[in-house]
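Spelled out from the first residue to the last, the chains are:
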Amino acid sequence: MKSQAITGNFQEANVDALAVGIFKDERTNNGALKDLDKLTGGQIASVLKAEEFNGEAGDTAYFVFEPKGKIKASRLLLVGAGERNDFKTADVSILAGTATRSLRKRNIKSFALMPRFEGNDDEIASTAMAGVLTSQFELDKYKTKDRNDKRIDNFVLCVEGAKEKDLKNGLERGEIIGEAMNFTRDLANEPPNVLTPTEMANRAQKMAKEVGLKCEIFDEAKMEKMGMGSLLSVSRGSDQPAKLIVLRYEPKKSTGKKGELLSFVGKGITFDTGGISIKPSEGMDAMKYDMSGGASVLGTMRAIGLLQPTVPVLGVVAAVENMPDGNASRPSDVVTAMNGKTIEILNTDAEGRLILADAVAYAEKQGATRIVDMATLTGAVIIALGDLNTGIMGNDQDLVDDIIECGKEVGENFWQLPLGKEYSKGIKSDIADIKNIGPARKAGTIMGAVFIQEFVKDAKWAHLDIAGTAWADDAKPHRSKGPTAVAIRTLLKLVEKSQ
Ligand code: BES
Ligand code: ZN
Ligand code: ZN
C-alpha cells in the first residue's frame, strides 16, 4: 500500500475521498472544517445542525460533492471521534480504521485522513497507518468466493503544520506495526490442521529470514536433552511433535545496559482439546486460538527485526498440540521440568503453564533479565475481566507498571491481579514439588501465574493472560471480528522505552 504525508492544505491530496475526524457536538465554524464545509456547499453544517450525525465515536456520515478548484476528491466521510477531552493519540488508529472500512466498502481506493488532533505527529502517523492496515484484515482466507478483496491502496495523512519527516517516520513505523499485527492475526486464524507446531516453526523460520532475526528450532529430542519434561508431557498425546521456537534480535549498536536482555515468551498450543481431561465438544473449536500468545511473540519479533531498536530481544515460543491418546499424560502423572522441579499433573487441560514452565526457564538460562510471557491461559480471566482487559501479574512491580503504562499509550488495557506467598500455597502438591492446578474455582488466573512464577529464578517477570483479549467475538467499525494481535503494540512500546 502506498502512503503519503501532507503537512500543508488538504486540498493538495490527490485522492478519491477525504475523511475527517469530528468530535462530539462540534460545529463548522473554524479551520479546515469551515473550508471543507464550503467545498461541499454547506452540507457538513446542515448535517451537524440537524443532528443526523453528531461525532459519536464509530459513527460515520458520507457525502458525494461536486469538487471545486484544484481538489480532486469528490467524496467526504465524517468520522465520529467522540468526546474531545477523552480522545488520545492511540484513538487515531480507530479513526483511521473506521474510515478505511467504511470507504473500501464503497469501492474507494484512495483517501486522505485529517485527524484534526494535536499531539506527537510521529505517533499520530504511526497509529493512523497501523489502523488503516489492521482494519483491512478479514477472516475469509479460506473462502473460494465472496471474499472481501476491496482494498485501500493509497493512504494520505494530512496534518497541517506538522514536520514532514515526523509524519513519514511515523507512517513507516505504522506500516511495520500494522503488518506485524496482521501477520499474527493470520497465524491465530489458521485452522489447527494447517498450523501444526511444525508449521508454526516453519513460518517463524521464514519470517526470521525475511526480517533478519536469528532463529533456532528445537525438536523433541533436543528438548528431552535439555530436560524439558514439563513441556514434553503435553505433546505426548499428539502425533504432532512439539517445537521450541527461539528468535534472537541483536542490535548493531546497543544502547541498553550491559547484560540486560528483554525476552518475550509465548504459549503456542496449536489446538487444545484438554487432553485426557478433555474439554466439552461445544466451543472446543475456539481452541485453535490457543497459540495466540505465541503468535503475538512472533509478530512482535517480526516488527523488532524491521524496526531495529538498540536493545537485544529474545523471543521464545513453545509450539505444542494438546491431544488425548494412548500415550497422553494422565491426571496424577508426575514430570520433571528443566529447572529440576517436579510437577504433579492433576488436570491435563491446564497445559499452557506446563509448556511455559520450560519455555520461561529456558529464556532465563539464555540470559533474559526481564521476561514477559503471553498466554491464553485461563477461562477464569474471561470471567474476571471479560474481553476489555488483559490480566497482568508479575514478580516486579516496576515491570508490571511499565507494561500497564505502555498499554495506556497505545490503547491496550491491562488490569493487575495480585500474587503472593499465600496464593502460591494453592499449588502445593502432596507428592511432588507443585501441582498444575489450584483449589477448585478459586483464583484460577492467579493459580496459573503462581505456577509459572516457580520457573523464574532471578529475572523480572510479568505474565499476561490474554484468554479474553486475543479474540474478538464481534466486529467493530474499525476492525473485523477474530484475532486481535493483542499486546504487540504494548510490547513494542516497552522495547522502544528500553533503548
Ligand atoms: N486454553 C485454555 C484456557 C481458555 C479456556 C481460554 C477457555 C479461553 C477459553 C487453558 O489451557 C485451559 O484449559 N485452562 C483451564 C485451567 C483449569 C483446568 C485449571 C481453564 O481455564 O479451565
Ligand atoms: Zn487447556
Ligand atoms: Zn490451553
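Remember, it's a predicted structure, so these values are computed and weren't measured experimentally.

**Q** Hey, could you go over the domain arrangement of the protein chain for me, with residue numbers and the actual values?
**A** Splitting the protein chain by domain gives domain 1 (2-178) and domain 2 (190-497). Placing the centre of domain 1 and that of domain 2 at their C-alpha centroids yields a distance of 36 Å. Across the boundary between the two partners, domain 1 contributes 17 residues, which contact 22 residues of domain 2. Buried surface at the junction of domain 1 and domain 2, both sides included, amounts to about 1,500 Å², of which 63% is carbon and sulfur. The three residues of domain 1 that bury the most area against domain 2 are Leu139, Ile176 and Ile177, which together make up 33% of that side's buried surface. Our count for the domain 1 to domain 2 interface comes out at two salt bridges. Residue Glu190 is joined to Lys141 by a salt bridge in which the shortest nitrogen-to-oxygen separation is 2.6 Å. At the surface where domain 1 touches domain 2, the tally comes to four residue pairs in polar contact (both at pLDDT 80 or more). Going through the elements one at a time, α3 (91-105), α4 (121-135) and α5 (164-189) are the ones with two or more residues in the side of domain 1 that touches domain 2. Take the side of domain 1 that touches domain 2: its biggest share by element is five residues, from α3. When its residues are assigned to classes, the side of domain 1 that touches domain 2 shows seven nonpolar, five polar and five charged.

**Q** Explain the coordination of the zinc ion (ligand 3) to me, using residue names and the numbers behind them.
**A** Protein-derived ligands of the zinc ion (ligand 3) are Lys267 (NZ), Asp272 (OD), Asp290 (OD) and Glu351 (OE), with the metal-ligand distances lying across 2.0 to 2.4 Å. Around the zinc ion (ligand 3), the six donor atoms are arranged such that angles at the metal cover 78 to 171°; this shape is classified as octahedral. Donor residues for the zinc ion (ligand 3), ordered by position in the chain, follow K-x4-D-x17-D-x60-E.

**Q** Could you give an account of the packing of aromatic side chains, with specific residues and numbers?
**A** Enumeration over the complete set of coordinates arrives at six aromatic pairs. Ring geometry for Phe23 and Phe87: centres 5.4 Å apart, planes at 85°, overall edge-to-face. Linking Phe23 in strand β2 (residues 17-23) with Phe87 in the loop between β4 (75-82) and α3, this pair joins segments that are 64 residues apart in sequence. Classification of Phe23 by relative accessible area gives buried; the value is 1%. On the numbers, 6.2 Å between centres and 85° between planes, the contact of Tyr289 with Trp471 is edge-to-face. Of this pair, Tyr289 sits in the loop between β9 (262-272) and α9 (292-307) while Trp471 is found in strand β18 (residues 471-472), placing the two residues 182 residues apart along the sequence. Using a relative accessible area of 24% as the deciding quantity, one classes Trp471 as partly exposed. Cluster of aromatic residues (ring-pair linked, three or more members): Phe23, Phe87 and Phe117. Sitting above the plane of the Tyr62 ring, Arg106 keeps its charged end 4.1 Å from the centroid. Over the ring of Phe183 we find Arg302, and its NZ or CZ is 5.4 Å from the ring centre.

**Q** Describe the coordination of the zinc ion (ligand 2), and please don't skip the residues or the numbers.
**A** At 2.0 to 2.2 Å from the zinc ion (ligand 2) lie its protein donor atoms, namely Asp272 (OD), Asp349 (O), Asp349 (OD) and Glu351 (OE). Every donor counted, the six donor atoms about the zinc ion (ligand 2) form angles of 70 to 166° at the centre, which fits irregular coordination. Spacing between the donor residues of the zinc ion (ligand 2) along their common chain follows D-x76-D-x1-E. Between the zinc ion (ligand 2) and the zinc ion (ligand 3), both coordinated by Asp272, there is a metal-metal distance of 3.2 Å. Of this pair, Asp272 sits in strand β9 while Glu351 is found in the loop between β12 (342-345) and α10 (352-365), placing the two residues 79 residues apart along the sequence.

**Q** Explain the site of ligand 1 to me, using residue names and the numbers behind them.
**A** If you check the shell around ligand 1, you find 17 residues, and the closest are Asp272, Lys279, Asp349, Glu351 and Gly379. Contact between ligand 1 and Asp349: an oxygen atom at 2.8 Å from a side-chain N or O atom of the residue. Contact distances for ligand 1 include 2.8 Å between an oxygen atom and a side-chain N or O atom of Glu351. Coverage of ligand 1 by the protein chains reaches 76% of its 510 Å² of free accessible surface.

**Q** Got a sec to walk through the pattern of salt bridges? Specific residues and values, please.
**A** Per the stated rule, a full pass over the model turns up 29 salt bridges. We note a salt bridge from Asp186 to Lys141, for which the minimum N-O separation is 3.1 Å. Of this pair, Asp186 sits in helix α5 while Lys141 sits in the loop between α4 and β6 (154-158), and the two are 45 residues apart along the sequence. Residue class for Lys141 comes out partly exposed when judged on its relative accessible area of 31%. One continuous salt-bridge network, built from bridges that share partners, spans Asp122, Glu123, Arg173, Lys493 and Glu496.

**Q** Any details on helix α12 (residues 397-410)? Residues and values, ideally.
**A** End to end, α12 covers 20 Å across 14 residues, agreeing with the expected 20 Å (1.5 Å per residue, within 8%). Of all the positions in α12, only Leu399, Val400, Ile403, Ile404, Cys406, Gly407 and Val410 are classed as buried. An end-on view of α12 places all buried positions within 160° of arc, on one side of the element. Seen from the open side of α12, the exposed residues pointing more than 90 degrees away from its buried face are Asp398 and Lys408. For α12, the secondary structure elements touched by its buried residues are β13 (370-375), β14 (390-394), β15 (414-416), β17 (460-465) and α15 (488-497). Phi for Gly411, located one or two positions after α12, is positive at around 90°.

Reading the values: rules and limits
Residues numbered from 1 in each chain as written. Chains lettered and ligands numbered in written order. Predicted model: local features only at pLDDT ≥ 70, side-chain atom pairs only at ≥ 80, totals over all residues. Heavy atoms only, no water. Domains from an automatic or database assignment. Contact = heavy atoms within 4.5 Å. Buried area = accessible area lost by both parts, 1.4 Å probe. Salt bridge = Lys/Arg side-chain N within 4 Å of Asp/Glu carboxyl O. Polar contact = N/O pair within 3.5 Å; in protein donor to acceptor, adjacent residues only side chain to side chain. Helix = DSSP H or I, 4+ residues; strand = E, 2+ residues; numbered from the N terminus. Nonpolar A, V, L, I, M, F, W, Y, C, P; charged D, E, K, R; others polar. Donors = N, O, S within 2.8 Å, 3.2 Å for Na, K, Ca; no water. Tetrahedral: all angles 85-135°; square planar, octahedral: opposite > 155°, others 65-115°. Phe/Tyr/Trp six-rings, centres within 6.5 Å; stacked < 30°, edge-to-face > 60°. Buried < 20%, exposed > 50% of the residue type's maximum accessible area, 1.4 Å probe, protein only. Lys NZ or Arg CZ within 6 Å of the ring centre and 35° of its normal. Near = heavy atom within 4 Å. Areas by Shrake-Rupley, 256 points an atom, 1.4 Å probe, with all protein chains shown as cover. Expected span 1.5 Å × (residues − 1). Arc of directions from axis to C-beta.

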